[in-house]
Amino acid sequence: MSKKVEDIFNFTETSDDCIKCGKCIPVCTIHQINPDETTSPRGFIDLLGAYKRGDLELDKNAKDIFESCFLCTNCVDVCPNSLATDMVIEEVRADIADKYGIAWFKKGFFFLLRHRKIMDFVMKFGFMFKTCALAQDEKDRGLFARFSLPMMKKGRLIPSMMKTSFLNSYPEEIPAPKQEKKNPRIAIFIGCLGNYNYGGIGSSLVEILKILNIDVFIPKEQLCCGAPAYFTGDVGSVEYMTKKNIEYFESFMDECDAMLIPEATCSAMVKHDWQVFFKNHNMPEWEARAKKVAKKIHMATAWLHDNTNLKEILETKGKKFDEVVTYHDPCHARKVQGIYEEPRNLLAPNYPMVEMSDPNRCCGFGGVTMQTEKFHFAQAAGKPKAAMIKETKAHYVSAECSACRVQISESMNNAEVETIFKNPLELIAEALKNE
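None of these values were measured; they are calculated from a predicted model. (Residues numbered from 1 in each chain as written. Predicted model: local features only at pLDDT ≥ 70, side-chain atom pairs only at ≥ 80, totals over all residues. Heavy atoms only, no water.)

J.: Explanation requested: the packing of helix 16 (residues 264-280) against helix 17 (residues 284-294) in the structure shown.
T.: Packed helices, taken two at a time, are described by the angle between their axes plus the distance between the axes. Axis separation between helix 16 and helix 17 bottoms out at 8 Å; the angle between their running directions is 170°. By the angle between their axes, helix 16 is roughly antiparallel relative to helix 17. Every residue of helix 17 that contacts helix 16 at Val270, Lys271, Trp274, Gln275, Phe278 and Lys279 is listed here: Trp286, Glu287, Ala290, Lys291 and Ala294. A per-class count over the contact of helix 16 with helix 17 returns six nonpolar, one polar and four charged. (Axes fitted to C-alpha atoms, helices over the stretch in contact; angles between N-to-C directions. Helix = DSSP H or I, 4+ residues; strand = E, 2+ residues; numbered from the N terminus. Parallel < 35°, antiparallel > 145°, perpendicular 65-115°, else oblique. Contact = heavy atoms within 4.5 Å. Nonpolar A, V, L, I, M, F, W, Y, C, P; charged D, E, K, R; others polar.)

J.: How do you make sense of the confidence of the model for the chain when you look at a structure like this?
T.: In this model, the chain carries an average pLDDT of 91, and 96% of its residues clear a pLDDT of 70 or more. A low-confidence stretch, residues 1-8 (pLDDT under 50), is modelled with 18 contacts involving residues beyond four sequence positions or located in other chains. (pLDDT = per-residue confidence, 0-100.)

J.: Please explain the environment of glycine 200 as it appears in this structure.
T.: Structurally, glycine 200 is set in helix 13 (residues 199-211). Along the backbone, glycine 200 and leucine 425 are 225 residues apart, and their C-alpha atoms lie at a distance of 8.5 Å.

J.: Explain the pairing of strand 5 (residues 185-188) here, please?
T.: Note on strand geometry: in a regular strand, side chains alternate between the two faces of the sheet. Burial along strand 5 is two-sided: Arg185 and Ala187 and Ile186 and Ile188, pointing in opposite directions, are all buried. Examined bridge by bridge, strand 5 and strand 6 (residues 215-217) share three bridges and lie parallel to one another. When the sheet's bridge partners are listed, isoleucine 186 is paired in strand 6 with valine 216. Two elements, strand 5 and strand 7 (residues 258-261), share three bridges in a ladder whose sense is parallel. (Buried < 20%, exposed > 50% of the residue type's maximum accessible area, 1.4 Å probe, protein only. Pairing = 2+ DSSP bridges.)

J.: Could you clarify how one ought to interpret the nonpolar core in this entry?
T.: In summary, soluble globular proteins display a tendency toward joint burial of nonpolar side chains. Phe66, Phe249, Phe252 and Met259 are the most contacted members of the largest nonpolar core, which totals 70 residues. When neighbours within four sequence positions are excluded, phenylalanine 249 is seen to be in contact with Phe189, Met259, Trp274 and Val293. (Core = buried A, V, L, I, M, F, W, Y, C linked by side-chain atoms within 4.5 Å.)

J.: Teacher, can you tell me more about the sheet that holds strand 3 (residues 157-158) here?
T.: Two strands in a sheet stick together by hydrogen bonds in their backbones, pointing the same way (parallel) or opposite ways (antiparallel). Reading across the sheet, the three strands line up as 1-2-3 and stay open at both edges, with antiparallel pairing between neighbours. Only two strands of the sheet have a single neighbouring strand rather than two, namely strand 1 (134-136) and strand 3. Note that strand 1 and strand 2 (residues 143-145) share three bridges and pair antiparallel. Paired with leucine 134 across the strands is alanine 145, a residue of strand 2.

J.: I'm lost on the side chain of serine 40 in this one. Help?
T.: Of note, serine 40 is situated in the loop between helix 3 (29-33) and helix 4 (41-53). Only 2.7 Å separates the side chain of serine 40 from the backbone oxygen of glutamate 37, close enough to count as a polar contact. With residues near it in sequence (within four places) discarded, serine 40 still touches Ile25, Cys28 and His31. (Polar contact = N/O pair within 3.5 Å; in protein donor to acceptor, adjacent residues only side chain to side chain.)

Printed below as a string of structure tokens:
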């Protein structure tokens, strides 16, 4: 689906509304590691305004600049005019993709995200032959690449692989242990990394819901939320996955009290970015459908904190640990959804908590392009976060985001930090094991 810029987003209006106050500069992730005015939020906005007016050609230099944004939303968070810099950059990336195409390995990756059964086969095949190209990390944090490929460089720490995906490991319906007159019924949207790489996330959420006597529904036909393609500018893949998911969710959502997502990026995409995407691409019917679906979508820790007695159970019956936990705030949790107190409140009864110096600083994941062609930026952005974690001397660093897990684990490995990354649900489930 190809649209003219003027039909998608008014770049000039955003550019004109920028008062050049500079509040965005100190918090901008790319500017912190590449202090150039062009790669700053107000620089991006000025260039986008020039592009709209026809004063800037979308050449390879402009492409390089617009692909350097981490989309961390720090600038939006501090902007006095609440300018949606991240949204306009997401839209111009669609124009970049139209003009220059998308790299073959990204196309292949997005194709797999669109086709669950083929992805299942590829991941199972990868698990069987992973030792040919990958080596296991001693601390069980992931796998090391033995040689370079387009999406991973030699020596890089990448996520582990599961023999069987989460969606294929459980039945669709998991009734609560105690069948009462009307148990709550909760659906789980697992996210791709939780489905194929970090198996402890989904299994921990299932165990927690069992203890809370909640019926679990695992929708087997769910696709990727579309975030990797959205941040890359692959409009066709985003439209396909969002529409397929919405149609599927509508078939069962009325029978569920909520759908929990244990991933900040997936949750923000489904609750927020789906509506933005359809609005910017002039699909009001789908925007309305996305808005209706979003009413029952929640980040897992936020819903558990606000709608169950999990915190009380953890306080009275949960196991106490000596291992210190420090919490990292994913950009798509704290800044996009305002969620940061809930996971801390659920961890605090059972784990000593120590705050790092800036838990809200972006870890530097930045999306598929940042993790491939611009990985040097991701590495640079990850170093300060690894240093902060090391200063805490924490045994665990936790965040409800597997993209952060990938990035932070790699950054800690490079900095020789011994801390282990765990999703808060994994730590909570461990505390409940003696319940």
